[in-house]
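Each chain, written out:
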Amino acid sequence: MLTTVEATHAIGKAIVDFGSETVALDKAIGRVLHRPVHAERDQPPFDRVMMDGIAIRFADFDTGERNFPIQSRQQAGEPAHRLETGKCIEIMTGACVPQGADCIVPVERITVSDGAAGIEAGYSAERRQHIHARASDHTEGTQLLRPGTRIAPADVAIIASAGLPEVEVSRLPVIRVISTGNELVPAGKPIDAHQIRESNGPAVVAMLKQKGYVDCQHDHLVDDVEILERRIAEHLDAADVLVLSGGVSMGKADFVPQVLQKLGVEVVFHKISQRPGKPMWFGIGPQQQAVFALPGNPVSTLVCCRHYVIPALAKASGASPGNPVFAALAQDVAFRPILTCFLPTRLVSNAAGTLLALPVHPNTSGDFASLTGTDGYVELALEETFFETGTTVPLHRW
Ligand code: AMP
Ligand code: MG
């Protein structure tokens with residue numbers, strides 16, 4: 001049986017990169033960048049006016065002149081006008097600084113009459129005031145985004161500013177989510193007393209989609225070796241990644257590991273020293289498909305999906321790993337078995353800015369209703385059995 005860290009490591013070593021594709025910028029949000037993005041030009045690309053007002057020569061102001069005949073009006077998007085000595089140009093935010101000008105006086109500080117702008121008495125100006133100097137943010141060719149960046153809205157602005165209408169990102173994997181179990185009936189279908197609602201499939205698909213893995217179809221299979229073999233073979237042919245739930249424990253109808261192995265999926269591990277989710281199985285298919293077979297108990301399924309599947313997909317997408325996050329336990333927790341405990345939690349922060357974890361104890365690993373309102377789960381170390389209030393522990397947000 002592997003530890004949680006060993007299991008993560010084994011998956012990371014075995015899973016293969018999804019490769020890349022080029023997408024239009026309006027499809028790039030949430031995708032993982034595969035190439036660096038460099039500045040197309042200096043930023044700003046010219047000395048840029050930062051206030052609506054007038055552009056003057058500071059030297060004219062410095063000699064005591066306060067009344068400037070208006071020579072012209074220059075808006076953003078116009079080439080720079082040439083300023084004549086002793087005059088001013090009406091100027092707008094975002095325009096380039098007119099040639100010869102080196103001082104912007106805001107519109108609030110002037111009065112216009114008879115075609116001239118008078119600057120208010122007592123106003124003091126400085127050379128180059130309200131001018132955003134060319135290249136003061138960054139210079140042409142500077143690397144602005146690194147490969148591995150998960151593209152956020154600000155990154156979309158950076159890519160657009162670099163003049164790129166499309167961008168190379170990691171290829172989205174084709175994922176098949178497969179629920180197994182004779183007892184399962186989907187929402188919308190009549191159900192008998194001895195049956196239960198199929199909830200893992202929709203939940204796993206939802207989690208994957210929320211993380212941007214939108215190409216995931218769902219199937220439900222009964223616990224029948226022949227049917228499992230035929231249908232899982234089809235899914236293996238179609239997909240980069242399979243996420244199964246159920247049928248991986250020691251029960252007489254837990255056929256998933258044997259079926260997967262028969263289909264040429266090589267087992268990397270079966271069982272992790274954790275609760276929930278101990279029976280998890282992972283293997284690599286004949287075409288390098290990553291096959292996650294998660295235990296069927298709904299809390300186990302969701303925790304295992306978040307803890308192993310999501311990070312593995314990020315790794316195979318070339319995403320740079322995020323920084324670990326920690327929270328302090330808001331209450332004592334005792335956990336006897338020598339297993340890593342994944343404990344669902346709500347989060348609050350105290351006045352000192354510390355993130356506090358308020359554990360929610362599911363009744364059993366089938367008690368998925370207790371997960372509502374939780375922000376994630378904390379990870380309680382394998383070796384310990386008692387965790388005092390205030391103990392700092394790794395936090396994993398959903
Ligand atoms: P299994 O891992 O197949 O032994 O399932 C363990 C428990 O989780 C059983 O009580 C199942 O009924 C339940 N379960 C398995 N799959 C699902 C599912 N897709 N949706 C809801 N509950 C499930
Ligand atoms: Mg089952």
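Scroll up to find the structure this text is about.
Residues numbered from 1 in each chain as written. Chains lettered and ligands numbered in written order. Predicted model: local features only at pLDDT ≥ 70, side-chain atom pairs only at ≥ 80, totals over all residues. Heavy atoms only, no water.

Peer 1: Pulling in residues and values, what's your account of the environment of Ile 272?
Peer 2: Tracing the backbone through its elements, the reader meets Ile 272 in the loop between β18 (266-270) and β19 (274-275). Classification of Ile 272 as buried rests on a relative accessible area of 0%. Taking the C-alpha atoms as reference, Ile 272 lies 17 Å from Val 378; in sequence the two are 106 residues apart. Excluding residues within four positions of it along the chain, Ile 272 makes contact with Met 1, Leu 2, Thr 3, Thr 4, Ala 7, Lys 278, Met 280 and Tyr 308. (Helix = DSSP H or I, 4+ residues; strand = E, 2+ residues; numbered from the N terminus. Buried < 20%, exposed > 50% of the residue type's maximum accessible area, 1.4 Å probe, protein only. Contact = heavy atoms within 4.5 Å.)

Peer 1: Summarise the site of ligand 1; cite the residues concerned and give the values.
Peer 2: Around ligand 1, 15 residues are found, and the nearest of them are Glu 183, Glu 198, Ser 199, Gly 247 and Gly 296. Between an oxygen atom of ligand 1 and a main-chain N or O atom of Gly 296, the distance comes to 2.9 Å. A distance of 3.3 Å separates an oxygen atom of ligand 1 from a polar backbone atom of Asn 297. Summarising the interface, the protein chains cover 79% of the accessible area of ligand 1, which totals 480 Å² for the free molecule. (Near = heavy atom within 4 Å. Polar contact = N/O pair within 3.5 Å; in protein donor to acceptor, adjacent residues only side chain to side chain. Areas by Shrake-Rupley, 256 points an atom, 1.4 Å probe, with all protein chains shown as cover.)

Peer 1: Give a detailed account of the pattern of salt bridges, specifying residues and quantitative values.
Peer 2: The final tally for this structure, using the stated rule, is twelve salt bridges. Note that Asp 26 is salt-bridged to Lys 27, the shortest N-O span being 3.8 Å. Take Asp 26: its relative accessible area is 60%, and that puts it in the exposed class. On the basis of relative accessibility, which here comes to 54%, the residue Lys 27 falls in the exposed class. In this structure, Arg 134 engages Asp 42 in a salt bridge whose closest nitrogen and oxygen atoms are separated by 2.9 Å. (Salt bridge = Lys/Arg side-chain N within 4 Å of Asp/Glu carboxyl O.)

Peer 1: Can you lay out the sheet that holds strand β13 (residues 175-180) for me, pointing to particular residues and giving the numbers?
Peer 2: As a general point, the strands of a sheet are linked pairwise by backbone hydrogen bonds and lie either parallel or antiparallel. The six strands lie next to each other as β16-β13-β17-β21-β20-β18, forming an open sheet whose pairing is mixed. Whereas interior strands pair on both sides, the edge strands pair on one side only; in this sheet they are β16 (216-221) and β18. Strand after strand, the sheet turns through a mean of 20 degrees between neighbouring axes, direction not considered. Looking at chain direction, strand β17 (residues 241-245) and strand β21 (residues 290-294) are connected through five bridges and run parallel. (Pairing = 2+ DSSP bridges. Axes fitted to C-alpha atoms, helices over the stretch in contact; angles between N-to-C directions.)

Peer 1: Quick rundown of the environment of Val 214? Include the residues and the values.
Peer 2: Residue position: Val 214 is located in the loop between α4 (200-210) and β16. Put simply, Val 214 and Val 174 are 40 residues apart on the chain and 8.5 Å apart in space, counted from C-alpha to C-alpha.

Peer 1: Help me get a handle on the nonpolar core, residues and values and all.
Peer 2: The biggest cluster of nonpolar side chains holds 41 residues, and the ones touching the most others in it are Ile 175, Leu 208, Met 280 and Phe 292. Only α1 (4-14), β13, α4, β17, β20 (281-284), β21 and α7 (298-316) provide two or more residues apiece to this core. Residue contributions to this core peak at twelve residues, all from α7. If sequence neighbours within four positions are ignored, Met 280 has contacts with Ile 11, Phe 269, His 270, Lys 271, Ile 272, Phe 292, Ala 293, Leu 294, Pro 295, Cys 304 and Tyr 308. One finds Leu 242, Val 248, Phe 255 and Leu 260 within the second-largest nonpolar core, a separate group that totals 18 residues. (Core = buried A, V, L, I, M, F, W, Y, C linked by side-chain atoms within 4.5 Å.)

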